[in-house]
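One letter stands for each residue in the lines below.
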Amino acid sequence: AQSVAQPEDQVNVAEGNPLTVKCTYSVSGNPYLFWYVQYPNRGLQFLLKYITGDNLVKGSYGFEAEFNKSQTSFHLKKPSALVSDSALYFCAVRDQDYKLSFGAGTTVTVRA
Amino acid sequence: NAGVTQTPKFRVLKTGQSMTLLCAQDMNHEYMYWYRQDPGMGLRLIHYSVGEGTTAKGEVPDGYNVSRLKKQNFLLGLESAAPSQTSVYFCASGRPTGVTEAFFGQGTRLTVV
C-alpha cells in the first residue's frame, strides 16, 4: 500500500529565510509526486509535481522540490519565505492505478 | 471556467439522516476522488473512480457509497449519518493521459449532530 509521511506538523520561519517542508513516500513502481497548498477555508491548490527527469522540480510562487529516490523523499523548498506563504501544505503520491494519497499536512507559519 | 463544483457547501444533519454530496466537473476528466479532511489527519481517500460506471474503495470507505453514472458527476452518499462523519469533504478530478495534477473543489462542510 502506498503512503506519504510529513514528519513535521508545523514549520515556523522568519520572512526572508529559507523554507523547507519535508515529505517521504512509499509506493510500488514509479512514484508520481505532488505538492499542494491550502489556505484557510479553501480547496487545495497545485504547486508542483515530479513525474520523471530532473530531480529538482520548479513550481508556482517560487517553490521547488527535490526528489531523492534513494531516500524516498520529496522535500518542498523556497529560498526566501514570505508572510503570504503561511498555509497548510500537503504532499501526495499517485500510483499506477490512479489512487492519489496525501500526507497529514504541515502548517507553515512565516513571521514578519 | 467552473472546474470542480461541490454541492452543497454547508450542511447540518441529524444522526441517522441520509444525504448525497454532488461533485461536478466540466473538464472531461476521467478520474474523480472523494476525500475527507479532519484536523491532524490530512486528506483521507474515501472512494475514487477511474471512469464512468466504475468506482473503487479508498482508505476510509465505511459508511459511504458512491456512484459515477455520468462522466462529469461523482456522488457521495451517506445512508445513515453518524457524528464521526462530521468533516470537510473534498472532491477532485484529473485525467489519466500523461500524469497531471488533480483539481479540487472548494469543499463541503458537513456537521452531524
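This text follows the structure it describes.
Below: a short report on this structure. All of these numbers come straight from a predicted model, not from anything done at the bench. (Residues numbered from 1 in each chain as written. Chains lettered and ligands numbered in written order. Predicted model: local features only at pLDDT ≥ 70, side-chain atom pairs only at ≥ 80, totals over all residues. Heavy atoms only, no water.)

What follows is about the interface of chain A and chain B. Counting residues at the interface gives 22 residues for chain A, matched by 22 residues for chain B. Between chain A and chain B the total buried area reaches about 1,800 Å² when both faces are included, carbon and sulfur atoms providing 57% of it. In terms of surface lost to chain B, no three residues of chain A exceed Y98(A), K99(A) and L100(A), which account for 28% of the buried area on that side. Linking chain A with chain B are one salt bridge, by the criterion used here. E101(B) serves as the salt-bridge partner of K49(A), at 3.5 Å between the closest nitrogen and oxygen. Across the chain A-chain B interface, the total number found is seven residue pairs in polar contact (both at pLDDT 80 or more). Those elements that provide at least two residues to the side of chain A that touches chain B are β5 (32-38), β6 (44-50), β10 (87-94) and β11 (100-102) of chain A. (Contact = heavy atoms within 4.5 Å. Buried area = accessible area lost by both parts, 1.4 Å probe. Salt bridge = Lys/Arg side-chain N within 4 Å of Asp/Glu carboxyl O. Polar contact = N/O pair within 3.5 Å; in protein donor to acceptor, adjacent residues only side chain to side chain. Helix = DSSP H or I, 4+ residues; strand = E, 2+ residues; numbered from the N terminus.)

Right, let's talk about the pattern of salt bridges for a bit. A complete count under the given rule lists seven salt bridges over all chains for this structure. In this structure, E64(A) engages K58(A) in a salt bridge whose closest nitrogen and oxygen atoms are separated by 2.9 Å. Its relative accessible area of 17% is what places E64(A) among the buried residues. What makes K58(A) exposed here is its relative accessible area of 63%. Beyond isolated ion pairs, a larger network of salt bridges with shared partners links R36(B), D38(B) and R44(B). (Buried < 20%, exposed > 50% of the residue type's maximum accessible area, 1.4 Å probe, protein only.)

Covalent bonding between the sulfur atoms of two cysteines defines a disulfide. For the structure shown, the criterion picks out two disulfides over all chains. A sulfur-sulfur separation of 2.0 Å characterises the disulfide bridge that pairs C23(A) with C91(A). Between C23(A) and C91(A), the S-S torsion sits near -65°, and that sign places the bridge as left-handed. Of this pair, C23(A) sits in the loop between β3 (19-21) and β4 (24-26) while C91(A) sits in strand β10, and the two are 68 residues apart along the sequence. Here C23(A) and C91(A) have matching classes, each one buried. Shown here is the disulfide that connects C23(B) with C91(B), its sulfur atoms set 1.8 Å apart. For the disulfide bridge between C23(B) and C91(B), the dihedral angle about the S-S bond is near -75°, and by the sign convention the bridge is left-handed. Taken together, the positions of C23(B) in strand β3 (residues 19-25) and C91(B) in strand β9 (residues 87-94) put the pair 68 residues apart, joining distant regions of the chain. Since its relative accessible area comes to 0%, C23(B) is described here as buried. When its relative accessible area of 0% is taken as the criterion, C91(B) is described as buried. (Disulfide = S-S within 2.5 Å.)

Glycine aside, residues mostly have negative phi, and peptide bonds are mostly found in the trans state. Each neighbour pair has its own omega, and for T7(B) with P8(B) the value is -5°, a cis peptide bond. Here P8(B) lies in the loop between β1 (4-7) and β2 (10-13). Unlike most non-glycine residues, T72(A) shows phi in positive territory, near 45°. If you trace the backbone, T72(A) turns up in the loop between β8 (64-68) and β9 (73-78). Even without glycine at this site, N28(B) takes up a positive phi of about 60°. Locating N28(B) in the fold gives a position in the loop between β3 and β4 (31-38).

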